[in-house]
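Residues per chain, in single letters:
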Amino acid sequence: MVKITGRTKDVAHLKSHLAYITRNGELDGETEQGATLVGRSGLKDLQQRWEDDAGLDDKRRRDGSLSINIILSMPAGTDAVAVKDSARAFAVEMFGYNHDYVFVQHLDNKHPHVHLTVRSLGHDGKRLNPRKADLQAWRERFAGELRLRGIAAEATPRRTRGRVRKGDRGAVLAMRKRKVTPDVDRLAREEVLSEVRGGRAAKHPWDEQIRSRQDVIRRRYLDYAAELQRSEAPSNHELARQVRQFVDDMPTVETRRDLLIKELNEYSQDRQRNVERSIQADQPAKRRTPDRNR
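Residues numbered from 1 in each chain as written. Predicted model: local features only at pLDDT ≥ 70, side-chain atom pairs only at ≥ 80, totals over all residues. Heavy atoms only, no water.

**Q** I tried to follow the sheet that holds strand E4 (residues 67-73) on my own but got confused; where do I start?
**A** Spatial ordering of the open sheet is given by E1-E4-E6-E5-E2-E3, a layout of six strands whose pairing is antiparallel. Edge positions in the open sheet fall to strand E1 (2-8) and strand E3 (36-37), since each of these has one partner strand only. When strand E5 (residues 101-106) meets strand E6 (residues 113-119), the two strands line up antiparallel, connected through six bridges. Looking at E6, one finds that Val102 is bridged to Thr117. The sheet strands contacting helix H4 (residues 132-148) are E1 and E4, and the helix crosses E1 at an angle near 125°. (Pairing = 2+ DSSP bridges. Helix = DSSP H or I, 4+ residues; strand = E, 2+ residues; numbered from the N terminus. Contact = heavy atoms within 4.5 Å. Axes fitted to C-alpha atoms, helices over the stretch in contact; angles between N-to-C directions.)

**Q** What am I meant to see in the nonpolar core here?
**A** Soluble globular proteins tend to pack their nonpolar side chains together in the buried interior. By size, the foremost hydrophobic cluster in this structure holds 24 residues, and its most contacted members are Ile70, Phe95, Leu116 and Phe142. Residue assignment for this core shows that the elements contributing at least two residues are E4, helix H3 (80-95), E5, E6 and H4. Among all residues touching Phe95, those that are not within four sequence positions of it are Ile70, Phe90, Tyr101, Leu116, Val118, Leu128 and Trp138. Residues Ile21, Leu37, Trp50 and Leu66 belong to the second largest nonpolar core, which totals twelve residues. (Core = buried A, V, L, I, M, F, W, Y, C linked by side-chain atoms within 4.5 Å. Buried < 20%, exposed > 50% of the residue type's maximum accessible area, 1.4 Å probe, protein only.)

**Q** I tried to follow the packing of helix H7 (residues 205-229) against helix H8 (residues 234-249) on my own but got confused; where do I start?
**A** A pair of packed helices can be characterised by two numbers: the angle between their axes and the separation between those axes. At their nearest, the axes of H7 and H8 sit 8 Å apart, and the two run at 160° to each other. Between H7 and H8, the crossing angle belongs to the class labelled roughly antiparallel. When the axes of H7 and H8 are compared, the crossing they make is left-handed. Between H7 and H8, the residues in contact are Arg218, Tyr221, Leu222, Ala225, Leu228 and Gln229 and Asn236, His237, Leu239, Ala240, Val243, Arg244, Phe246 and Val247, respectively. Split by residue class, the contact of H7 with H8 holds nine nonpolar, three polar and two charged. (Parallel < 35°, antiparallel > 145°, perpendicular 65-115°, else oblique. Left-handed = near helix turned anticlockwise from the far one by under 90°. Nonpolar A, V, L, I, M, F, W, Y, C, P; charged D, E, K, R; others polar.)

As structure tokens, then:
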């Protein structure tokens, strides 16, 4: 996974983020020059240098970013050393020629991952402003570096794997972790609840577009499988079988709205079961009639 987790907007935010990824100097960082930042003194040197550079950036808009924060992550069990080496090679290739950066590896959860913070302003005076295509290119490059180190990795877009929901932003995930309901969740639930209560089915063209796109993708896979099956080579027949199995294993198309409706139905069913149990518990137990024949 290669994901942009956020942007720092001012010096205080930048310094706070650098302190976060280094655990306030407890974890070593590494810069684009290959220098290792050790301890709190290394952290303070980096913070001061980037603060001084930010002061010279007189062309930055008020809402412009000072840095772009990226996370490079792999599943549990992946060799952490290979992940770090791959992240280093990725950063050198993508940013080393034009941007200052620092990266730090975290091993405090089951997924080995690297936090990479890149200064937005390049040495050429241009600002880093990645688009969707850039992010896909980053994923492909990181996957390539992992493969060079013996780790099986691919960078296929999620839609080609049958996954239609985007990942949530870091701020939203952090709020959920603190048991705080983000506005985006509250508003989405209110919209679905209003539709259900009103007995009306609002049109959601984007949902239909998602399903239509998935139909096209899955049909195309099956067309490839049929073409392979017509080949005379047995190896192609096996590949065709694997492609068809891949399509069969793709998840059911489920949009965010579908998920919310499913959650609402489950919540309604749970409430109904609780009401029924409560009624049964309140009913007096039937008294047994004594058997006079005994």
